[in-house]
Amino acid sequence: MAERPARTRPSGLHWRNPSTWHLRTRLVLVTMALLVAICGAVGVVSYASMDSFLSKQLDNQLVQAAARAREFGRTGGRADPLDARGQGIGTLNARIVDDSVRSAGFLAEDATRKSLTTADDEILLKLTPRNGSVDRTLSAGAYRLVAAETPDGGMIVTGLPLAEKQNTLASLVWTMMLVSAGGLVVIGLAGTALIRRTMKPLDQLSEVATQVSRLPLDAGEVGLAVRVPDAAAHPGTEVGSVGHALNLMLDNVSNALEARQKSEMKVRQFVADASHELRTPLTAIRGYTELMRMTEHFTPDGQRSLARVQSQSERMTTLVEDLLLLARLDEGQPLKLSEVDLTQLAIETVSDEKVIAPDRIWHLELPEEPVVVRGDATQLHQVLANLLSNARKHTGPGTMVVTGVRRAPDGSAVMTVTDNGPGIAPGFVDRVFARFTRADSSRKNPVANTTPAPGQTHLHSLPVHPPRTLPGSRAADAAAASITSASAEGTSGLGLSIVQSIVEAHGGTVSVTSVPGRTEFTVRLPDAPPAAEATGEAKAAVAKKDSRPLKAAQDATPLP
């Protein structure tokens, strides 16, 4: 199954883009904005109402003060209006006769009379009875003034200070601001807590969806047990309806995955059973074919037909063995772990391939120290044998195949198989490890490119001889199986998929890079445990290794 590209999560909130904000943040901000607008509207209306009320009250007081001053002036002649009974602190009076200010002043806080300045007199001279009540700023402060004519043709100006009104309005403004700010803080905190509590089920839904997104649902048995809690999945609420629907969807997905797993298990069991049952008749066919070739006499056409039957039975046997191995790997059967020397494994496998295809140029790139990993020796041998066989089958004579083993800086073991053949088609690289996939048309080339790829190191090839193995040993059996498999015609399309399955069973990875003139398969296996943990069998195998091929590979020098 093709791997889907991982979705990248947004790096963070962008305050300039409200669409990236959390829902709770937007709800709190919208609520606070509405409350600020309401508080502002209430403040403006309250201020306007209070200003109107205080202005009317001040005008009534001013009318009364002006009446007292005018009445006192009628009875007292040219007397000072400030001497009238009932005039309060701060009251201003001025008599204007013949366009000149006479006896202008106001009552200070100590009830004494204070005179006005010349600038104040000029302001008062501009007033007329037709102006009504007006606000003017004098040297003593802001006043509300009104002018009234006297019987003798003069004019009396009366004024009351605006300080008390302004102080009252200022006090109202501060009170509204403090109360609104306090109310906004309290409501904001309470609203945030309430919104967080209300939105908590959405967080639970998100957590469940995130957990499900991290589950490996593409293959294998999947235990989809995660569900939205009942408290967040009550269909009576909007959020609960979403949680309930998500649980129903997860139930459906879980049932589908169980059905898929059962179907896969049936197919795997069928493949394993069929492969196992086919081994016996195929062995009988090969045996009888060989017996007939040794005991019977055939015409040349009969000999060719019999050879064809034998080669196809060998190919069928190889295919059956590959299918059986894949079925066992899919079932997750435990590996027969021991310490495996990858350097010796590379020497033995490359030697086998040289016997099969002496017309290729085989090279080794090995370190001075052995690279040891913990794994299944037989399966790791098959990994390298399949990679070399793949390079041999899909390249022409004269192709250079370089097998490398090294220890990576992170401690993992790395095996590479590189050839300078025609390469793999770009559209096929992503599907190269799929089962029953062939790329014969993209890899075969009758004339191999013997020019080394840029940056590729050439080593002298090893002598043509099979590896030293004891009869009946696992390495000998694996080598014989490799040689027999290689003699069959064509490919089954399972070799690289077996490589991937074995490497993944060992906790490693396999990858391929290909351009015309250079194709490289890279296998990475986990770090090997200490040598003290090796089993007795593995220690004995390491002790019996033939060091001469390794020494020959280490002494190899690059070609000019």
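Residues numbered from 1 in each chain as written. Predicted model: local features only at pLDDT ≥ 70, side-chain atom pairs only at ≥ 80, totals over all residues. Heavy atoms only, no water.

A word on the packing of aromatic side chains
In this structure the tally under the stated criterion is 1 aromatic pair. Between Phe 433 and Phe 521, the aromatic rings sit 6.2 Å apart at their centres with planes inclined by 90°, giving edge-to-face as the arrangement. With a gap of 88 residues between them, Phe 433 in the loop between strand S11 (413–419) and helix H8 (440–443) and Phe 521 in strand S13 (residues 518–525) connect regions that are remote in the sequence. The buried category is assigned to Phe 521, whose relative accessible area is 2%. (Phe/Tyr/Trp six-rings, centres within 6.5 Å; stacked < 30°, edge-to-face > 60°. Helix = DSSP H or I, 4+ residues; strand = E, 2+ residues; numbered from the N terminus. Buried < 20%, exposed > 50% of the residue type's maximum accessible area, 1.4 Å probe, protein only.)

What about the nonpolar core?
Counting 42 residues, the largest nonpolar core has Leu 342, Val 383, Leu 387 and Val 523 as the members making the most contacts within it. No other element matches the 6 residues that helix H7 (residues 377–393) contributes to this core. Residues Ala 94, Ile 96, Leu 116 and Leu 145 belong to the second largest nonpolar core, which totals 15 residues. (Core = buried A, V, L, I, M, F, W, Y, C linked by side-chain atoms within 4.5 Å.)

Quick look at the pattern of salt bridges
Throughout the structure, instances matching the rule amount to 8 salt bridges. Note that Asp 251 and Arg 227 form a salt bridge whose closest N and O atoms lie 2.7 Å from each other. With a gap of 24 residues between them, Asp 251 in helix H4 (residues 238–295) and Arg 227 in the loop between helix H3 (163–213) and H4 connect regions that are remote in the sequence. Asp 251 gets classed as partly exposed once you look at its relative accessible area, which sits at 32%. Arg 518 is paired through a salt bridge with Glu 520; the nearest N and O atoms lie 3.1 Å apart. Judged by relative accessible area, which is 26%, Arg 518 ranks as partly exposed. (Salt bridge = Lys/Arg side-chain N within 4 Å of Asp/Glu carboxyl O.)

A word on the side chain of Asp 120
Structurally, the position occupied by Asp 120 is in helix H2 (residues 118–125). Put simply, Asp 120 is tucked away with no salt bridge, and the nearest opposite charge, on Arg 136, sits 11 Å away. Ignoring anything within four residues of it in the chain, the contact list for Asp 120 reads Leu 138 and Ser 139. (Lys, Arg positive; Asp, Glu negative; His and termini not counted. Contact = heavy atoms within 4.5 Å.)

Overview of the environment of Gln 500
With respect to the helices and strands, the residue Gln 500 is situated in helix H10 (residues 495–505). Gln 500 sits in the partly exposed class, given a relative accessible area of 25%. When the C-alpha atoms of Gln 500 and Phe 433 are compared, they prove to be 6.8 Å apart, with 67 residues separating the residues in sequence. Ignoring anything within four residues of it in the chain, the contact list for Gln 500 reads Phe 433 and Val 510.

Some words on the sheet that holds strand S3 (residues 113–115)
Taking strand neighbours across the sheet as the criterion, the 6 strands line up as S3-S2-S1-S6-S5-S4 in an open arrangement whose pairing is antiparallel. The outermost strands of the open sheet, each flanked by one partner alone, are S3 and strand S4 (134–138). Strand-to-strand twist in this sheet, taken as the mean axis angle between neighbours without regard to direction, amounts to 30°. Two elements, strand S1 (residues 92–97) and strand S6 (residues 155–161), share 5 bridges in a ladder whose sense is antiparallel. Paired with Arg 95 across the two strands is Ile 156, which belongs to S6. (Pairing = 2+ DSSP bridges. Axes fitted to C-alpha atoms, helices over the stretch in contact; angles between N-to-C directions.)

As for the environment of Asp 430
Along the chain, the position of Asp 430 falls in the loop between S11 and H8. A sequence separation of 83 residues divides Asp 430 from Thr 513, and the C-alpha atoms of the two residues are 9.9 Å apart.

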